[in-house]
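Reading the structure
Below, each chain spelled out in residue letters.
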Amino acid sequence: MATTQAKANPKKKSSGFQGVKNAFFIILVCFVLAVLFFKYILGAPEHFVNGDPTQPVKDGNLMGTVYKGGVVVPVIITLLFSVIALSIERFFALRTAFGKSSLGKFVVNVKKAITTGDMAKAQELCDKQQGSVANVVGASIAAYKEMENTPNLKRAAKVSKIQQAHEEATQLEMPTLQMNMPIIATIVTLGTLTALFGTVVGMIRSFAALASGGGGDSLQLSEGISEALVNTASGILTSWVAVVSYNYYSNKIDKLTYALDEVGYTIAKTYEANHADEA
């Protein structure tokens, strides 16, 4: 039994980008880039009257207006840059996981080979395809062959062993597929909450200006409202990008797991149909 489980654990055959395990460095780099972008791009002198960032923004200048959003803006930009960076990371990681050719075509071809009992052909397809599905199918095929050479074991038990090998191989692949997805999901909420925080800070400034001197300072009042609206808009944009990214890659992961389940079911049923209980 120990030998069976040892062979069921597949070695990684995938080549190419496997994903970034420590996303902290990505977020740190994004923070640095966000601060530089805020200070030198949004805060460039040409966006403001007399070239002074402490002065009002030139009419119709969007970048200067965003700069006036205050200290919360670099935080939101960090979240936005992080989502973009992690989305790119997931794109290349999942492209490697899907393999070198069409996943749908691979599933059809490997199921055909398995159904006809041509395990050598199925293994050859896995070697060419690579990726997570090919790794799992290869582990299941290895378990299939091992069960054929294992005596004194009922057919139901052998089918169970094949299914177990398939599940174990799938569990080995899932961390790579889902890596950094929780961070993207967290940014969905953080973007909205940070925008709300920036909005509240801007409104506090507006009401403080309104309360000062009775009539209020119109410039400070407008700047406070502008800060609130800029933070609201940028936070919503960040959450929007994060939601789209998370749902898109979740859908791709679901397609891959469905393919794994489909092929695993085919392998188990093929063994059950082609082998009888030993006398």
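Details of the structure are given in the entry above.
In this text the structure is predicted, and so the values were computed from the model without any measurement.

1. Some points on unusual backbone geometry
In this structure, Asn50 is a non-glycine residue whose phi angle is positive, near 60°. Structurally, Asn50 is set in the loop between α2 (24-42) and α3 (62-67). Asn50 gets classed as exposed once you look at its relative accessible area, which sits at 71%. In the Ramachandran plot, Gln130 falls in the positive-phi region, its phi being about 60° despite a non-glycine side chain. Here Gln130 is to be found in the loop between α6 (119-129) and α7 (131-148). Given the relative accessible area of 18%, Gln130 is considered buried.

2. Details of the environment of Leu79
Among the structural elements, Leu79 can be located in helix α4 (residues 72-98). When near neighbours in sequence (up to four residues on either side) are disregarded, Leu79 contacts Ile187, Leu190, Gly191, Thr194 and Thr238.

3. Remarks on the pattern of salt bridges
By the definition in use, this model includes 5 salt bridges. Across the pair Glu262 and Lys111 runs a salt bridge whose closest N-O atoms are separated by 2.8 Å. With a gap of 151 residues between them, Glu262 in helix α10 (residues 218-274) and Lys111 in helix α5 (residues 103-115) connect regions that are remote in the sequence. Owing to a relative accessible area of 25%, Lys111 belongs among the partly exposed residues under this scheme. The salt bridge partner of Glu227 is Arg205, with a shortest N-O separation of 2.5 Å. With Glu227 in helix α10 and Arg205 in helix α9 (residues 181-211), this residue pair connects regions lying 22 residues apart in the sequence.

Conventions and cut-offs
- Residues numbered from 1 in each chain as written.
- Predicted model: local features only at pLDDT ≥ 70, side-chain atom pairs only at ≥ 80, totals over all residues.
- Heavy atoms only, no water.
- Helix = DSSP H or I, 4+ residues; strand = E, 2+ residues; numbered from the N terminus.
- Buried < 20%, exposed > 50% of the residue type's maximum accessible area, 1.4 Å probe, protein only.
- Contact = heavy atoms within 4.5 Å.
- Salt bridge = Lys/Arg side-chain N within 4 Å of Asp/Glu carboxyl O.

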